[in-house]
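# Survey of secondary and tertiary structure
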Amino acid sequence: MPMNGNTVPVTVGAFEETLVSELGELLRDCVAGGASVNYIQVPSIEEVRKYWSALLTRPEVSTWIETGPSGSIAGTVSLVRAEHANGLHRAEVVKLLVHRNARGKGVARRLMATMEAVAAAEGRTLLTLDTESGSPAEALYERWGWTRVGVIPGFALDVNGRPAGSTIFYKAL
């Protein structure tokens, strides 16, 4: 399925129930595929709708989506800006998600490039993120120029309920 490269921002407060549902299904697909994104088991539709409804209305958060040729959501990424006076230069990247059917087509790379460009234009000079140690995402971040800080052992439970390490990364913009 070729992507159309249509990466667009989601405007705070301007989302519809359809968008929340589609983002929820994307999150459920990623968890079903083994992604470590705060869930051990595939969350209920109610759980993911609650998550996205809350995230999309936070003023310090921006979210981007990329759609596929059919207009369905192929991927998303969110940026959470630090709000404290001593941290206005930084932000955290959360929920980089790509549907299993859209992987390997540059969706994640385009989403990250768009997000990084916006963050830099806003004066953010430092981004951070974490990912499950040993996951495919870990190698992607290194390839995209992110610097590995280290691993926090046993930080989160994996899909089998066992403590797993989380690798922390940063990127200077």
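So, how was this worked out
- Residues numbered from 1 in each chain as written.
- Predicted model: local features only at pLDDT ≥ 70, side-chain atom pairs only at ≥ 80, totals over all residues.
- Heavy atoms only, no water.
- Helix = DSSP H or I, 4+ residues; strand = E, 2+ residues; numbered from the N terminus.
- Buried < 20%, exposed > 50% of the residue type's maximum accessible area, 1.4 Å probe, protein only.
- Expected span 1.5 Å × (residues − 1).
- Contact = heavy atoms within 4.5 Å.
- Polar contact = N/O pair within 3.5 Å; in protein donor to acceptor, adjacent residues only side chain to side chain.
- Pairing = 2+ DSSP bridges.
- Arc of directions from axis to C-beta.
- Phe/Tyr/Trp six-rings, centres within 6.5 Å; stacked < 30°, edge-to-face > 60°.

Quick look at unusual backbone geometry now. Of note in the backbone geometry, Asn-38 takes a positive phi value of approximately 80 degrees without being a glycine. One can find Asn-38 in the loop between helix 1 (17–32) and helix 2 (45–56). The residue Lys-95 is not glycine, and still its phi comes out positive at about 50 degrees. The exposure class assigned to Lys-95 is buried, which follows from its relative accessible area of 9%.

Here we take up helix 1. Along its 16 residues, helix 1 runs 22 Å from first to last C-alpha, staying within 8% of the 22 Å computed at 1.5 Å per residue. Three or more residues of helix 1 are buried, namely Leu-19, Val-20, Leu-23, Gly-24, Leu-26, Leu-27, Asp-29, Cys-30 and Val-31. Positive backbone phi, at 95 degrees, marks Gly-34, one or two positions downstream of helix 1.

On to the environment of Ser-166. Relative to the helices and strands, Ser-166 is located in strand 7 (residues 163–172). Taking the C-alpha atoms as reference, Ser-166 lies 24 Å from Trp-64; in sequence the two are 102 residues apart. When residues no more than four places from it in sequence are discounted, the contact partners of Ser-166 are Asp-130, Thr-131, Ser-133, Gly-150, Val-151, Ile-152 and Phe-155. In this structure the side chain of Ser-166 is engaged in a polar contact, spanning 3.5 Å, whose partner is the side chain of Asp-130.

Here we come to the pairing of strand 3 (residues 73–81). Counting buried positions along strand 3 gives nine out of nine residues, so the element sits mostly inside the fold. In this sheet, strand 3 lies alongside strand 2 (residues 61–67) in antiparallel orientation, the contact comprising seven bridges. Each bridged residue has a counterpart across the sheet, and for Ser-62 the counterpart in strand 3 is Leu-79. Where strand 2 folds back on strand 3, the antiparallel hairpin that results is connected by five residues, among which Gly-71 adopts a positive phi of roughly 90 degrees. Alignment of strand 3 against strand 4 (residues 90–98), held across six bridges, turns out to be antiparallel.

If you check helix 2, its first and last C-alpha atoms are 16 Å apart, about what 12 residues at 1.5 Å a residue would give, namely 16 Å. Turning to helix 2, its buried residues are Val-48, Trp-52, Leu-55 and Leu-56. Seen from one end, helix 2 has its buried residues packed into an arc of 90 degrees, which puts them on one side. Facing away from the buried surface of helix 2 by more than 90 degrees, the exposed residues are Glu-46 and Lys-50.

Position of Glu-138 relative to the elements: it lies in helix 4 (residues 136–143). Here Arg-148 takes part through its side chain, which lies 3.5 Å from a polar atom of the side chain of Glu-138. When near neighbours in sequence (up to four residues on either side) are disregarded, Glu-138 contacts Thr-131, Glu-132, Ser-133, Arg-148, Thr-167 and Phe-169.

On to the side chain of Asp-158. Topologically, Asp-158 is positioned in the loop between strand 6 (147–157) and strand 7. Within polar-contact distance, the side chain of Asp-158 engages the backbone nitrogen of Asn-160 at 2.8 Å. Residues contacting Asp-158, with those up to four places away along its chain left out, are Ile-40, Glu-132 and Ala-164.

The next thing to look at is the packing of aromatic side chains. Counting across every chain of the model gives four aromatic pairs. Taking 5.9 Å as the distance between ring centres and 75 degrees as the angle between the ring planes, the aromatic pair formed by Tyr-141 and Trp-144 counts as edge-to-face. There is no split in this pair, since Tyr-141 and Trp-144 are both buried. In this structure an aromatic cluster arises from ring pairing among Tyr-141, Trp-144, Trp-146 and Phe-169.

Purely geometric numbers; function is a separate question.
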